[in-house]
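# Fold and contact review
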Amino acid sequence: MNKDLTVGKPQTVLWQFSLPLLGSILFQQLYNIADSLVAGKFIGENALAAVGNAYEITLIFIAFAFGSNIGCSVVVSRQFGAHKFDDLRTAVSTTFISVGVLCAALMALGLALCPAMLRLINTPQELMADCRLYLSIYLFGLPFLFYYNVATGIFSAMGDSKTPFLFLAVSSTSNILVDILFVKAFSMGVSGVAWATFLCQGVSCVLALLALRRRLGTLPKAGKSRLFSANLLRNIVSIALPSTLQQSFVSVGNIIIQSVINGYGPSVIAGYSAAIKLNNLVITCFTQLGNGMSNYVSQNLGAAKPERIQPGFTAGLKLALTLLVPVILLYFAFPTLPIGVFMDDASAEAMRTGVLFLRIVSPFYWVVTTKLIADGVLRGAGRMRQFMASTFTDLLLRVALCILFSALFGSVGIWCSWPVGWCIGTALSIVFLRGYMKTLRHQTAAEEVDAP
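In this report, we go over the structure that sits alongside the text. These figures come from a predicted structure and were not determined experimentally.

Attention now goes to the pattern of salt bridges. One pass over the full model with this rule turns up three salt bridges. The salt bridge involving Arg 215 is made with Asp 160; its shortest N-O contact spans 2.7 Å. Placement of Arg 215 in helix α7 (residues 190-216) and of Asp 160 in the loop between α5 (142-157) and α6 (162-185) is noted, with a sequence separation of 55 residues between them. Asp 160 carries the same exposure label as Arg 215, and that label is buried. Here Lys 371 ties to Asp 375 by a salt bridge, and the two come within 2.9 Å at their closest N and O atoms. You can see Lys 371 and its partner Asp 375 sitting in helix α13 (residues 365-380), four residues apart, about one turn around the helix. Under the relative-accessibility criterion, Lys 371 is labelled buried at 3%.

Quick look at the structure:
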């Protein structure tokens, strides 16, 4: 069901919209977590390390899918808020055509370059075969990844966060069962983990596209929509490109960090692989709340209701920080519980690595979450330069400090680079957000003066 985010109390609207959105990303993350979980439980520590190592490269492709989602979502939500439904349909078809071309190019590049990338990040020889196998299967599933992300972005842009949640709840649960079936019953090893993800993500993609086609048919028609619009594509790219670059540079930064970690051997890689999946689960979930904030801001700007943005930011931040409390308690006080889910017979070094990582970074989740919600406002308002500046500062510091601290303090130094980058990046995001809010207040005051 479509929901207008421009009416109603901001806190109530955002909570009702954001909670299913959060549930959706939780289930989406179960795809990757299930892969690592089944690999670690039923194949072994090296399989867990191989899937975790390959995962850092898959994040590059996920970055492009994420950018496509955000670019389309922000433009469609602006059209939805302004009730320009014919332009909305044109934006959707334009995105679908463009994503098809992009996806084909990325598949070709991935198949050609992934082996070289694995060597570039110093993948241990004993992990190389499983990493290449996992990535080759993953690449053939890219169309499912891209079109599903675009479809869910469009649903969210129209205020519907429940439909994607239902699709993902079913497909993610199925993915865990199929993972276990392929690996344990059919003894397919790492390939079974990859094929399970391929099949279940494909099902969720097809269902989402069918539901989206039906939903678009229910929107009012005032005229005839076009199949493709270069102008709308420029608008989409203006949002999608910075978001993609941001995620891509984050992924490249993570690959550089992975190459440093790979020098410490399979046990440290396995411990880090489990911990970083748990960390990414949190970051990705709250990034999705930031995406919801972008939809909220964009709809309200489209409806010429800028006065709702400040209370919306406050409500979104309150929601995010409330949800963080149990996560921080679990990761900091009882880290062996979530880490142990991934490994039955973990070496002492692998377990120690995962536990130490979580205890160092988890107290700073409230910092990075504040940044993600603030970035959501900036992105929804089209303030992409400021959004990128704070993100790249965080990333560059994290990568540089990872290399420096690793040389000074060993693997412990690597984990300490996360909080430092987060703190500085968040400070910049808050400065940029305050500047935007000030500009918004001045514009609103000027319009009130000019009004008859």
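Structure's up, so let's keep going.
To continue, consider the packing of aromatic side chains. Within the structure shown, the criterion is met by 14 aromatic pairs. Arranged with centres 6.0 Å apart and planes meeting at 25°, the rings of Phe 182 and Phe 186 form a pair that is stacked. Relative to Phe 409, the ring of Phe 405 lies with its centre 5.9 Å away and its plane at 65°, an arrangement referred to as edge-to-face. Taken together, the residues Phe 405 and Phe 409, both in helix α14 (residues 384-409) and four residues apart, mark about one turn of the helix.

Mapped onto the elements, Thr 370 comes out in helix α13. Of the residues examined, Thr 370 reaches a relative accessible area of 11% and is grouped as buried. When neighbours within four sequence positions are excluded, Thr 370 is seen to be in contact with Leu 317, Leu 321, Thr 426 and Ile 430.

With that settled, the discussion passes to the nonpolar core. If you look at the biggest cluster of nonpolar residues, it comprises 120 residues, and the most contacted ones within it are Leu 88, Leu 142, Phe 357, Tyr 365, Val 377 and Trp 418. Looking at this core element by element, the count peaks at 17 residues for helix α9 (residues 266-302). With residues near it in sequence (within four places) discarded, Trp 418 still touches Ile 257, Tyr 272, Ile 276, Asn 279, Phe 357, Val 361 and Arg 398. Ranked by size, the runner-up nonpolar core spans eight residues in total, among them Phe 66, Ile 70, Met 384 and Phe 387.

This part covers the layout of surface pockets. Roughly 230 Å³ of internal volume is contained in the largest pocket. Along the walls of the largest pocket sit 13 residues, with Ser 68, Leu 102, Ile 236, Val 237 and Ala 240 positioned nearest its centre. Of all the secondary structure elements, the ones that give two or more residues to the lining of the largest pocket are α2 (45-81), α3 (85-120) and α8 (230-261).

Conventions used here
Residues numbered from 1 in each chain as written. Predicted model: local features only at pLDDT ≥ 70, side-chain atom pairs only at ≥ 80, totals over all residues. Heavy atoms only, no water. Salt bridge = Lys/Arg side-chain N within 4 Å of Asp/Glu carboxyl O. Helix = DSSP H or I, 4+ residues; strand = E, 2+ residues; numbered from the N terminus. Buried < 20%, exposed > 50% of the residue type's maximum accessible area, 1.4 Å probe, protein only. Phe/Tyr/Trp six-rings, centres within 6.5 Å; stacked < 30°, edge-to-face > 60°. Contact = heavy atoms within 4.5 Å. Core = buried A, V, L, I, M, F, W, Y, C linked by side-chain atoms within 4.5 Å. 1 Å grid on protein atoms, 1.4 Å probe; cavity = no way out; pocket = protein on both sides within 12 Å on 5 of 7 lines; lining within 4 Å. Points joined across faces, edges and corners; volume = space filled by probe spheres on them.

Honestly, that's just the spatial picture; any functional story needs more than this.
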